[in-house]
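Observations on the three-dimensional arrangement
Now for the letters of each chain:
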Amino acid sequence: MMLLAIEQGNTNTLFAVHDGSDWVAQWRTATQSTRTADEYAAWMFQLLAMTELKFEMLDACIISSVVPQSVFNLRNLARRYLKVEPLVIGENVDLGIPVRLEKPSEAGADRLVNAIGAHAVFAGDLIIIDSGTATTFDIVAADGGFEGGVIAPGINLSMEALHTAAAKLPRVAIRRPVKTIGRDTVGAMQSGVFWGYIALIEGLIARIKAEWGRPMTVVATGGVASLFQGATDAIDHFDSDLTIRGLLEIHRRNSGVR
């Protein structure tokens, strides 16, 4: 079996191919809600050829999207070009975990997939930090249950808001400053956003752990999580494949394939 896993966030969409043993290809594209199935297929055709793959070799598909208007086109991509009916998180999939929220339907697909991907690898109670358009802190109990969490603006969103709202502040790239005190405007902005986010991460982790009252392992994932490596001891593990691992696990649970 060769699986196409599609993980669509607000900013980027990841397409990954698993051959039953390993991930053999991964590609990212900017998320565009109006992109059609045919446009996705034309883009994928070239990338598949570069890795000596073809559409007819892909015989399963699973989709996780936080952009509802895109699901129609992604489903049609699977139906027309893979000739399969895809599994869609939130529609025709049994996640196999308890969602302990007052309104379980409000839990984002990406957050639940991350919970399953993390629980498959890390034991005990977990805090999952996903750094993307938003920065989420999700709590997963030792039995795999999704307990809720915290949602904060993402680091790129914060930097863009700073530039947009303040006329004299430029648009600058995010990077780790050598020193906390900036000696010019760009340096001060970079320090405020980067070290401010480190403080946000450390502060929320401390509060969550104190409220939870039991030991917790902290796992970071997402597009900008690598920025924080080496900058804080509050994060125990960095795992860039957390989401697609979750999609693989969900597909196996629902297809009976191990």
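As a starting point, this report considers the structure included with it. (Residues numbered from 1 in each chain as written. Predicted model: local features only at pLDDT ≥ 70, side-chain atom pairs only at ≥ 80, totals over all residues. Heavy atoms only, no water.)

**Brief notes about the sheet that holds strand β2 (residues 12-18)**
Keep this limit in mind: Any two strands with at least two DSSP-identified bridges between them are counted as paired. Strands here mean DSSP runs of E at least two residues long; helices mean DSSP runs of H or I at least four residues long; both are numbered from the N terminus. Only heavy atoms enter the contact rule, under which two residues are in contact if any of them lie within 4.5 Å. Whenever a helix is involved, its axis is fitted only over the stretch in contact; in every case the axis is a line through C-alpha atoms, and angles between N-to-C directions fall within 0 to 180 degrees.
Read across the open sheet, the five strands follow the order β3-β2-β1-β4-β5; overall the sheet is mixed. What marks the edges here is a single partner per strand, and that holds for β3 (23-30) and β5 (87-88). Taken together, the six bridges between strand β1 (residues 3-8) and β2 define a ladder with antiparallel strand orientation. Looking at the pairing, L4 lines up with V17 of β2. Across the face of the sheet, helix α6 (residues 242-255) comes into contact with β1, β2, β3, β4 (60-65) and β5 while running at roughly 130 degrees to β1.

**Examining the packing of helix α3 (residues 109-119) against α6**
Filter applied, for reference: The scheme is simple: roughly parallel for angles under 35 degrees, roughly antiparallel for over 145, roughly perpendicular for 65 to 115, oblique for anything else. Charged means Asp, Glu, Lys or Arg here, nonpolar means Ala, Val, Leu, Ile, Met, Phe, Trp, Tyr, Cys or Pro, and polar covers whatever is left, Gly included.
Look at α3 against α6: their axes get within 7 Å of each other, and the N-to-C directions meet at 85 degrees. What the angle tells us is that α3 and α6 run roughly perpendicular. For the pair α3 and α6, contact is made by V113, N114, I116, G117 and A118 and by L242, T243, R245, G246, L247, E249, I250 and R253, respectively. Partitioning the contact of α3 with α6 into residue classes produces six nonpolar, four polar and three charged.

**Section: the environment of N10**
In this fold, N10 is placed in the loop between β1 and β2. N10 sits 229 residues away from D239 along the chain, and the two C-alpha atoms are 20 Å apart. Those residues in contact with N10, other than ones at most four positions away along the chain, are T31, V66, V67 and T133.

**Looking at the layout of surface pockets**
Let me state the cut-off plainly: Any residue with an atom within 4 Å of a point lines the site, the site being either a cavity, points on a 1 Å grid over the protein atoms alone where a 1.4 Å probe fits but cannot get out, or a pocket, an open set with protein on both sides within 12 Å along at least 5 of 7 lines. Grid points are joined across faces, edges and corners, and a volume is the space filled by probe spheres set on the points.
The computed volume of the largest pocket comes to approximately 650 Å³. As a volume, the second largest pocket reaches approximately 190 Å³. Residue lining of the second largest pocket: F137, I139, E147, G148, G149, V150, I208, E211 and W212, and that is the complete set. Contributing elements (two or more residues each) for the lining of the second largest pocket: β7 (134-140), β8 (146-153) and α5 (185-212). Residue contributions to the lining of the second largest pocket peak at four residues, all from β8. Classifying every residue of the lining of the second largest pocket gives five nonpolar, two polar and two charged.

**Quick look at the packing of aromatic side chains**
In plain terms, the rule: Between rings of Phe, Tyr and Trp, where Trp is taken as its six-membered ring, a pair exists when centres lie within 6.5 Å; planes separated by under 30 degrees are stacked, by over 60 edge-to-face, and by other angles tilted. When a residue's accessible area, from a 1.4 Å probe over protein chains only, is under 20% of the maximum for its type it is buried; when over 50% it is exposed; and in between it is partly exposed.
Counted according to the given criterion, the structure contains five aromatic pairs. Between the aromatic rings of F55 and Y81, the centroid separation amounts to 5.5 Å while the plane-to-plane angle is 40 degrees, which identifies the pairing as tilted. Highlighted residues: F55 in the loop between α1 (37-50) and β4 and Y81 in helix α2 (residues 68-82), separated in sequence by 26 residues. Given a relative accessible area of 10%, F55 falls into the buried group. Owing to a relative accessible area of 28%, Y81 belongs among the partly exposed residues under this scheme. Here the aromatic cluster, defined as three or more aromatic residues joined through ring pairs, consists of F15, Y40 and W43.

**What to know about α5**
Operational definition: Multiply 1.5 Å by the residue count of a helix minus one, and that product is the helix's expected span.
Taking 1.5 Å of rise per residue, 28 residues should cover 40 Å, and α5 covers 40 Å from first to last C-alpha, within 8% of that figure. Within α5 the residues assigned to the buried category are G187, M189, Q190, S191, V193, F194, Y197, I198, I201, L204, I205 and I208. Its buried side turned inward, α5 meets β6 (125-131), β7, β8, α4 (155-165) and β9 (216-221). At the exit of α5 stands G213, carrying a positive phi of roughly 80 degrees.

**Here we look at the side chain of T221**
Stated formally: The definition of a polar contact used here is a pair of N or O atoms within 3.5 Å, where within protein one atom must be able to donate a hydrogen and the other to accept one, and adjacent residues in sequence count solely through side-chain atom pairs.
Along the chain, T221 turns up in strand β9. For T221, a relative accessible area of 2% corresponds to the buried category. Among the polar contacts made by the side chain of T221, one reaches the main-chain carbonyl oxygen of D239 at a distance of 2.7 Å.

**Notes on unusual backbone geometry**
Of note in this structure, E52 is not a glycine but carries a positive phi near 60 degrees. Mapped onto the elements of the fold, E52 is located in the loop between α1 and β4. One non-glycine residue, K83, adopts positive backbone phi at about 60 degrees. Inspection of the secondary structure assignment puts K83 in the loop between α2 and β5. The class of K83 is exposed, set by a relative accessible area of 67%.

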